[in-house]
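Below are the chains, spelled out letter by letter.
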Amino acid sequence: MKKVKADPKGVLTGVHYLDGDFAIAEGALAAGCRFFAGYPITPSTEVAERFAERIPLVGGVFIQMEDELGSIAAVIGASWAGVKAMTVTSGPGFSLMMENIGLAAMMEVPCVIANVQRGGPSTGLPTLTGQGDMMQVRWGSHGDYEIIALSPDSPQECFDLTIEAFNLSEIYRVPVFIMTDECVGHMHEKVVIPPPDEIEIIERKWYEGPKDKYLPYKPDKDMVPFMVKAGDGYRFHTTGLTHDERGYPIINAECQNVLVPRLVDKIRKNANKIIKIEEEETDTAEIVVISYGITSRVAVKAVQKARKEGIKVGTIRLITVWPFPDERIKELAKKIKAYVVPEINYGQIVFEVERCAEGHASVIGVPHCGGWVHDPDDIFNAIKEASK
Amino acid sequence: MKKEDIEEKNPVESFLRMDRIPHIWCPGCGIGTVVTSFVEALRKSEIELDKVCIVSGIGCTGRVAGYLKLDSFHTTHGRAIPFATGLKLANPELKVVVFSGDGDLIAIGGNHFIHAARRNMDMVIICVNNFNYAMTGGQVGPTTPLEANLSTAPYGNFEYPFNLPFLAEACGATYVARWTALHLRRVTKSIQEALSRRGFSFIEVITPCVTLYARRNRLGSGLNLLKYYHDNSEIQHGADTRTLDISFQGKLIVGKFVDKEKPTFLDAMNKHLSRVLGDRYQLYGRIDDD
Amino acid sequence: MIYFGDLKPKRGKIHIIKDRCKGCGFCVEYCPRDVLELSEEFNIKGYHPPYIKNENECCYCQLCETICPEFAIFVTLKEEEEESEKSESRP
């Protein structure tokens, strides 16, 4: 894993007052993203607008494609040409991108996709918040594959986690998703952008051996193959069909059962290095509130109120939502009474918590179909119910 | 004779992934001919092969990427053109060739086709037109002539087909040519011209599809189709693209119809942003690894 | 000083990779010199590959090489020494 310092051209060092969308764009530029292809969709349009303004000044290229399908295809192509690439969208566009997200997972292409979620399904609530794509990000495309999804709760985290997303995508050669929502995306807050030498960027895993011995999909010790870029004379072939180490399509069960487990396991077996959660007072807790994104900020008020009433509440904030922190949730379930899972959807991550709790603790969801954040009292009432 | 055969190799083999030959195309299929014409064009144009990228979609023609020994990408159905756009914009030094079929490029990929042409994106599109969706068993496509019989038009096709050169010209393509697989030297020359110029170049190559299009429509073998091309094609360079419709087993007007100069997407971007932003604009050239 | 005397028609040596052939007949039909003909023998796939009927007529146009969809036939230029019997020149 080669670590480098950020390219100063893309880093807007200083203290800024930005909204989440702009912070995503700034984070990407700081991480070295020099290709952006996107399509306008509320509430993510501002990311594209910021890129359109900033990227010509830092030596990158911006293109507004004709649709989201073109955007994600262009991002994958740009990544194969050796450039860090990104796109942004929201619910309807996310659904459109699914086929090519599968292609990125199959071809093992590092790229970052931000989904500024809104109320769904279908056209839903274009200008209002939601967190209804959390299962879709994991299972949206057909077949078996695994991705990484991060959930920032503030514009500052939008900046930081975007850099993290680029680094993770380069290490694991996998599409990484930034799952914010309209609230965080359109919220203006203080964002501190550090100087370039304080930002750690992970370089792509470039192949450095002899050209004629290069096998595009031969895994390294960490199950991730070395990558090259188009135009360097490796004459590689890559395909969305099931392929062997040479990248050539092999249509049989044996090849499938070698390739697909590796695509999934390279994330699952390395999950410990990827998962990031923030715990508070979970050692002494009876009830644990699991939340992510903007909901975690709303939950703070409910948790404070519950603690005042003497209920022992701990919190887990999921920074990486996928891979899901199975082990920790399972381990904690044996010690506590109940999990309370508020989320701005009608129940998605709550089912993951239920699965991991394995019946040791009861799991209470606090759903909200979208359009606004929770009323902290709803979460408080759920905590109170759970503690009885 | 045999011993010498083993020592001498077909010159096209140095451009092919020989570990994957024989290919999957049917006897009498014209795609192999188009591939040889393409290889001949690559050789004659003396282009730097390391910088050539082949992007193809899904379908019989989509398999071309798997057989050419260049940086090749076999992408999803219809998305070869935006993929190629990403490649080209990320590294403008690459010469990107999209080699795909009529259904892949014009039906599912239609939106991407018209916008890439509109932007005059610098790439070469070789559209192998066999009038149907062959890989999936011979379904009707956007270029199928009226009255043709195919599996999803079992009583004959009643939908009007596209006139591809007209479509390409209308969308803004700056080089438009149509040939048949039989016009192999002219296909080679067109591809050579396209490789040496900048801008959106579109070359339609009408090829025989024996197992499906020909068989379902009782048109005979590959030879019969080539004879039809021979007898019915007429070269009319510079013809008005509006007149280039193809009716079932009707006249085929071939030739080079459009060849004009226009700034490419990157040219226009660099020129405009340099003018507006002055010194602040970083001229977009090759991105080196940091 | 004698220019036209130096001009010799090119002669080609045809190589057929029999087992790749799928018997489509394109090379036989479109050879301008009628050099090839489909043989009676079967190749490994069960098709009739072409055989060289009139080798001396081959003028190295390489049409068979380019039209073959299977990359199964190619032509190499016959060397000058083998040309000793040809004395005519062409304008």
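Undergrad: Could you clarify how one ought to interpret the overall build of chain B in this entry?
TA: Looking only at helices and strands, one finds 11 helices and 10 strands in chain B. Whereas a compact globule of 290 residues would reach a radius of gyration of roughly 19 Å, chain B reaches 19 Å, a difference of no more than 12%. Principal-axis analysis of the C-alpha atoms gives chain B an extent of 65 × 55 × 35 Å. Counting every position in chain B, which comprises 290 residues, the buried fraction comes to 55%. Sequence-distant contacts in chain B: of pairs separated by 6 or more residues, those separated by 24 or more amount to 66%.

Undergrad: Could you clarify how one ought to interpret the interface of chain C and chain B in this entry?
TA: When the parts of a complex come together, some accessible area is lost, and that lost area is often taken as the interface size. In this complex, chain C contributes 16 residues to the contact, which on the side of chain B involves 24 residues. Listed by contribution, the elements that provide at least two residues to the side of chain C that touches chain B are helix H1 (26-30), helix H2 (63-67) and strand S4 (73-77) of chain C. Across the side of chain C that touches chain B, the residue classes break down as seven nonpolar, five polar and four charged.

Undergrad: Help me out: how do you make sense of the sheet that holds strand S17 (residues 362-367) of chain A in this one?
TA: Sheet strands line up and pair through hydrogen bonds in the backbone, either parallel or antiparallel. Residue and element names in this part refer to chain A. Spatially, S12-S14-S13-S16-S17 is the arrangement adopted by the five strands of the open sheet, whose pairing is mixed. Two strands close off the open sheet at either side, each with one partner strand: strand S12 (277-280) and S17. If you compare each strand with its neighbour and ignore which way they point, the axes differ by 20° on average. Taken together, the four bridges between S12 and strand S14 (residues 313-318) define a ladder with antiparallel strand orientation. Bridging across to S14, Glu 279 finds its partner in Ile 316. Here helix H12 (residues 349-357) sits on the sheet and contacts strand S13 (287-291), strand S16 (338-343) and S17; the angle it forms with S16, its principal contact strand, is near 165°. Along the sheet face, helix H13 (residues 376-387) touches S13, S14, S16 and S17 and points at about 165° away from the line of S17.

Undergrad: Just checking my understanding: could you explain helix H2 (residues 31-45) of chain B for this structure?
TA: One turn of the α-helix equals 3.6 residues, which is why residues spaced by three or four share an orientation. With 15 residues, H2 of chain B should cover 21 Å at 1.5 Å per step; its first-to-last C-alpha distance of 21 Å lies within 8% of that length. Within H2 of chain B, the full set of buried residues consists of Ile 31, Gly 32, Thr 33, Val 34, Val 35, Thr 36, Ser 37, Phe 38, Val 39, Glu 40, Ala 41 and Leu 42 of chain B. Summarising the contacts, the buried residues of H2 of chain B are in contact with strand S1 (52-56), helix H3 (64-67), strand S4 (123-129), helix H8 (184-196) and strand S8 (200-206) of chain B together with H2 of chain C. Following H2 of chain B by one or two positions, Glu 46 of chain B adopts a phi angle in the positive range, close to 50°.

Undergrad: Would you explain the sheet that holds S8 of chain B in this entry?
TA: Strand order in the open sheet formed by nine strands is S11(A)-S2(B)-S1(B)-S3(B)-S4(B)-S8(B)-S7(B)-S10(B)-S9(B), and the pairing between neighbours is mixed. Lying at the two open borders of the sheet, with one neighbouring strand each, are strand S11 (237-239) of chain A together with strand S9 (233-235) of chain B. Here the strands of the sheet are splayed against their neighbours by 20° on average, with no regard to which way each runs. Pairing analysis gives four bridges linking strand S7 (residues 175-180) of chain B to strand S10 (residues 252-259) of chain B, with the strands arranged antiparallel.

Undergrad: Would you take a moment to explain the packing of helix H3 (residues 68-80) of chain A against helix H4 (residues 91-107) of chain A for this structure?
TA: Each pair of packed helices gets described by two things: the angle between the helix axes and the distance between those axes. Residue and element names in this part refer to chain A. Direction vectors running N to C along H3 and H4 enclose 20°, while the axes themselves pass 8 Å from each other. In this view, H3 runs roughly parallel relative to H4, as classed from their interaxial angle. Judged by the twist between their axes, the crossing of H3 over H4 is right-handed. On H4, the residues touching Glu 68, Leu 69, Ile 72, Ala 73 and Ile 76 of H3 are Gly 93, Leu 96, Met 97, Asn 100, Ile 101, Leu 103, Ala 104 and Met 107. Residue composition of the contact of H3 with H4, by class: 10 nonpolar, two polar and one charged.

Undergrad: Teacher, can you tell me more about the environment of Arg 79 of chain B here?
TA: As for its placement among the helices and strands, Arg 79 of chain B is situated in the loop between strand S2 (71-74) and helix H4 (80-90). Taking the C-alpha atoms as reference points, Arg 79 of chain B and Asp 104 of chain B, 25 residues apart in sequence, are found 8.1 Å from one another. Apart from the residues within four sequence positions on either side, Arg 79 of chain B is in contact with Leu 69, Ala 73 and Asn 100 of chain A together with Gly 57, Gly 109 and His 112 of chain B.

Undergrad: Help me understand helix H10 (residues 222-232) of chain B in this model?
TA: Those residues of H10 of chain B that fall on the buried side of the exposure criterion are Gly 222, Leu 225 and Leu 226 of chain B. With its buried residues spanning 100° around the axis, H10 of chain B presents them on a single face. Close packing links the buried residues of H10 of chain B with helix H9 (210-216) of chain B together with H1 of chain C.

Undergrad: Where do I start with the pairing of strand S4 (residues 61-64) of chain A in this structure?
TA: If a strand is regular, its side chains alternate between the two faces of the sheet. Residue and element names in this part refer to chain A. Examined bridge by bridge, strand S3 (residues 35-38) and S4 share four bridges and lie parallel to one another. The residue of S4 that forms the bridge with Ala 37 is Ile 63. Once you follow S3 into helix H2 (residues 45-54) and on to S4, the crossover reads as right-handed.

The rules behind the values
Residues numbered from 1 in each chain as written. Chains lettered and ligands numbered in written order. Predicted model: local features only at pLDDT ≥ 70, side-chain atom pairs only at ≥ 80, totals over all residues. Helix = DSSP H or I, 4+ residues; strand = E, 2+ residues; numbered from the N terminus. Rg over C-alpha atoms; globule rule 2.2 N^0.38 Å. Buried ≥ 20, exposed ≤ 12 C-beta atoms within 10 Å, placed from the backbone. Contact = placed C-beta atoms within 7 Å. Nonpolar A, V, L, I, M, F, W, Y, C, P; charged D, E, K, R; others polar. Pairing = 2+ DSSP bridges. Axes fitted to C-alpha atoms, helices over the stretch in contact; angles between N-to-C directions. Expected span 1.5 Å × (residues − 1). Parallel < 35°, antiparallel > 145°, perpendicular 65-115°, else oblique. Left-handed = near helix turned anticlockwise from the far one by under 90°. Arc of directions from axis to C-beta. Right-handed = clockwise from strand over helix to strand, strands pointing away.

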